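Structural features, examined
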Amino acid sequence: MSRLWTMDEIAAATGGRLAGGPFASVGGFSIDTRSLKPGDVFVALTGERNDGHAYVEAALSAGAVAAIIAEDKLPGLAMAGRYLIVDEPLAALYRLAAASRARSAARIAAVTGSVGKTGTKEALRSVLAPSGPTHAALASFNNHIGVPLTLSSMPATSTYGVFEIGMNHAGEITPLTQLVRPHVAIVTTVEAAHLEYFSSVEEIAEAKAEIFAGLEPGGAALINRDNAFHDVLAQRASARGARVILFGEHPAADVRLVDVRDGADGSLVTASVLGTQMTYRIGMPGRHVVQNSLAVLGAVSVLGGDLALAGVAYARLRAPRGRGECLTFALPQGGSFMLIDESYNANPASMAAAFAVLGASRPGAGGRRIAILGDMLELGAAAKDLHEALASPLLAAQVDLVFTAGPLMEALHHHLPSANRGGHASSAADIEAAVIALPRAGDVIMVKGSNGSRVAAIVAAFKTRYALAGQDNGADKA
Ligand SMILES: Nc1ncnc2c1ncn2[C@@H]1O[C@H](COP(=O)(O)OP(=O)(O)O)[C@@H](O)[C@H]1O
Ligand SMILES: [Mg+2]
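From a predicted model like this one, the values you see are computed outputs, not experimental measurements.

Below, the discussion takes up helix α11 (residues 348-360). With 13 residues, α11 should cover 18 Å at 1.5 Å per step; its first-to-last C-alpha distance of 19 Å lies within 8% of that length. All of the buried residues along α11 are P348, S350, M351, A353, A354, F355, V357 and L358.

This is the structure in structure tokens:
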């Protein structure tokens, strides 16, 4: 376990007072005893439903170095504990995160956008790592708790740090980017996603532009030139004194797509990265992954990483679980079929991107392209229209059969030509039996929906029913 902090350092950074001890050195942080590892510091956060102070004893006996607790909760806790007593644990975590940033010499990237944040963060982590120790959260830790946790967990020796920053409401990104103080801020794209708390996509663009508020002096803003909102983003970035770098297919892009060969297993890309022409292979399919790679390589260049090593690392990139992972299953009667697991997340932009991948896939002889779709959530009043509108990219991708689940997807079901209608049910659970029996040799099946639509259970059911023959995104094939 590498040493991250001593408790004395954490006490100094947070202004808290230590009680109990002795204290071992700190390896990480945890806010949940179920995932706590020995050597972590437990931060007792008070949420709407749960109060972390109820789990302090469990955390300490599971091997927590100490618990960060609120002064006013002290009377309810055992006398003999290893505590850092503070005014308010979340506020203390922010002070620690700020101290972590202040002690770091790392070059920092922050990523926001309507879709592609986690994928871009993961790509940055993978392609920066050959240039030096790179810190990034393991999961999609992008909110008011995840960001300070990730920053507090950054080793002092990191050369690079990568942070995902998300939001549901205007104003949420500003304090997080001001904590992270990135040298590079990426806005992957601005789309109709999480429309619930916004009255227009323009408002979303303005909220995403908040990420520039935290840029270090002389920092760079990486903006998608192919997105309709590039102008407003560039204006907001310039107003903050940022160096604006445009990425995309557009001829005016500073990181520009020169040529791309899309394959079923990945893409071969030639790009001009701030004047350096390079050709690289991406080990997972999708034009959206290519688009994100332009931002990633622009960031690598600005951060001083090795572009050639980054290009090589792209060939080894794997799709994260639920975000395009390709699974091959054997059929009992012989032959196999492929399942593309997109069950983690869905909105109109990522649906279209995923259908394009399905369209580029090559079913075997007699095989079909099949989509099993759950509701896209958090779209507000436009939801019905946005679901219906999926018919056209589905047909463009030559998808043979579409199965739909959920009240919103019913609109799409009725909107499809009858030849393409596989079936509809009111929930993922209700369509599971029908789709599980479906596969024939050569089929390519995609499962996609918002996490809350529970289509992940359908993927799990495929895994239970059929033998996994391969787990491959084709990285070594294209
Ligand atoms: N630039 C993009 N345009 C459209 N869809 C994308 C893009 N980047 C990623 N996606 C798709 O969006 C979904 C969510 O990706 P993820 O990286 O988890 O985004 P986020 O962290 O922003 O929620 C995945 O299905 C992914 O394939
Ligand atoms: Mg994410």
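What follows deals with the pattern of salt bridges. Enumeration over the complete set of coordinates arrives at 16 salt bridges. We note a salt bridge from R34 to D32, for which the minimum N-O separation is 2.8 Å. Its relative accessible area of 75% is what places R34 among the exposed residues. A relative accessible area of 23% means that D32 is categorised as partly exposed. Note that E206 is salt-bridged to R236, the shortest N-O span being 2.8 Å. Pair noted here: E206 is in helix α7 (residues 201-209) and R236 is in helix α8 (residues 230-239), with a separation of 30 residues, a long-range link. Residue classification places E206 among the partly exposed positions, given a relative accessible area of 34%. According to the relative accessible area criterion, R236 is partly exposed, its value standing at 33%. Here the salt bridges share partners, and the residues they tie into one network are R101, R181 and E216.

Right, let's talk about the coordination of the magnesium ion (ligand 2) for a bit. For the magnesium ion (ligand 2), every protein donor is listed as T118 (OG1), S140 (OG) and E164 (OE), and the spread of their distances is 2.1 to 2.3 Å. Sequence positions of the donors to the magnesium ion (ligand 2) reduce to the motif T-x21-S-x23-E. With T118 in helix α4 (residues 117-128) and S140 in the loop between β7 (134-136) and α5 (146-152), this pair connects stretches of sequence that are 22 residues apart. According to the relative accessible area criterion, S140 is partly exposed, its value standing at 24%.

A cis amide bond links G21 to the next residue, P22, at an omega of 5 degrees. Inspection of the secondary structure assignment puts P22 in the loop between β1 (17-19) and β2 (28-30). One non-glycine residue, R181, adopts positive backbone phi at about 45 degrees. Here R181 is to be found in the loop between α6 (173-180) and β9 (184-187). Residue R181 is classed as partly exposed on the basis of its relative accessible area, which comes to 27%. With a phi angle near 55 degrees, Q398 is a residue other than glycine that sits in the positive phi range. Its location among the elements puts Q398 in the loop between α13 (391-396) and β18 (401-405). For Q398, a relative accessible area of 53% translates into the label exposed.

What follows deals with the sheet that holds strand β11 (residues 243-248). Taken together, the nine strands give an open sheet; going across it, the order is β7-β8-β6-β9-β10-β11-β12-β13-β14, and neighbouring strands pair in mixed fashion. Lying at the two open borders of the sheet, with one neighbouring strand each, are β7 and β14 (276-282). Taken over all neighbouring pairs, the strand axes of this sheet differ in orientation by 20 degrees on average, direction set aside. Relative to β14, strand β13 (residues 267-273) runs antiparallel, the two being bridged by seven bridges. Within β14, the residue paired with S267 across the bridge is I282. Strands β9, β10 (220-224) and β11 of the sheet are contacted by α8, whose axis makes an angle of about 175 degrees with β10.

Our next topic: the UniProt feature "domain: Mur ligase central" (unreviewed entry) in the chain. The residues that UniProt annotates with the feature "domain: Mur ligase central" (unreviewed entry) are residues 111-299. Secondary structure content for residues 111-299 is 31% helix and 25% strand, and the end C-alpha separation is 10 Å.

Attention now moves to the sheet that holds β2. Spatially, the five strands line up as an open sheet ordered β1-β5-β4-β3-β2, and their pairing is mixed. Both outer strands of the open sheet, β1 and β2, are each paired with one neighbouring strand and no more. Mean inter-strand twist for the sheet, computed between neighbouring axes without regard to direction, equals 25 degrees. Where β1 lies against strand β5 (residues 83-86), three bridges are found, and the strand directions are antiparallel.

A packed helix pair is summarised by two numbers, namely the angle formed by the two axes and the spacing between the axes. Put simply, α7 and α8 touch, their axes get as near as 10 Å, and they point 30 degrees apart. Here α7 lies roughly parallel to α8, going by the angle between them. For the element pair α7 and α8, the recorded crossing hand is right-handed. Between α7 and α8, the contacting residues are A205, E206 and A209 on the first element and V232, L233 and R236 on the second. Here the contact of α7 with α8 is composed, by residue class, of four nonpolar, no polar and two charged.

Parameters and conventions
Residues numbered from 1 in each chain as written. Chains lettered and ligands numbered in written order. Predicted model: local features only at pLDDT ≥ 70, side-chain atom pairs only at ≥ 80, totals over all residues. Heavy atoms only, no water. Helix = DSSP H or I, 4+ residues; strand = E, 2+ residues; numbered from the N terminus. Expected span 1.5 Å × (residues − 1). Buried < 20%, exposed > 50% of the residue type's maximum accessible area, 1.4 Å probe, protein only. Salt bridge = Lys/Arg side-chain N within 4 Å of Asp/Glu carboxyl O. Donors = N, O, S within 2.8 Å, 3.2 Å for Na, K, Ca; no water. Pairing = 2+ DSSP bridges. Axes fitted to C-alpha atoms, helices over the stretch in contact; angles between N-to-C directions. Contact = heavy atoms within 4.5 Å. UniProt positions renumbered as here; feature names shortened; annotations may be inferred. Parallel < 35°, antiparallel > 145°, perpendicular 65-115°, else oblique. Left-handed = near helix turned anticlockwise from the far one by under 90°. Nonpolar A, V, L, I, M, F, W, Y, C, P; charged D, E, K, R; others polar.

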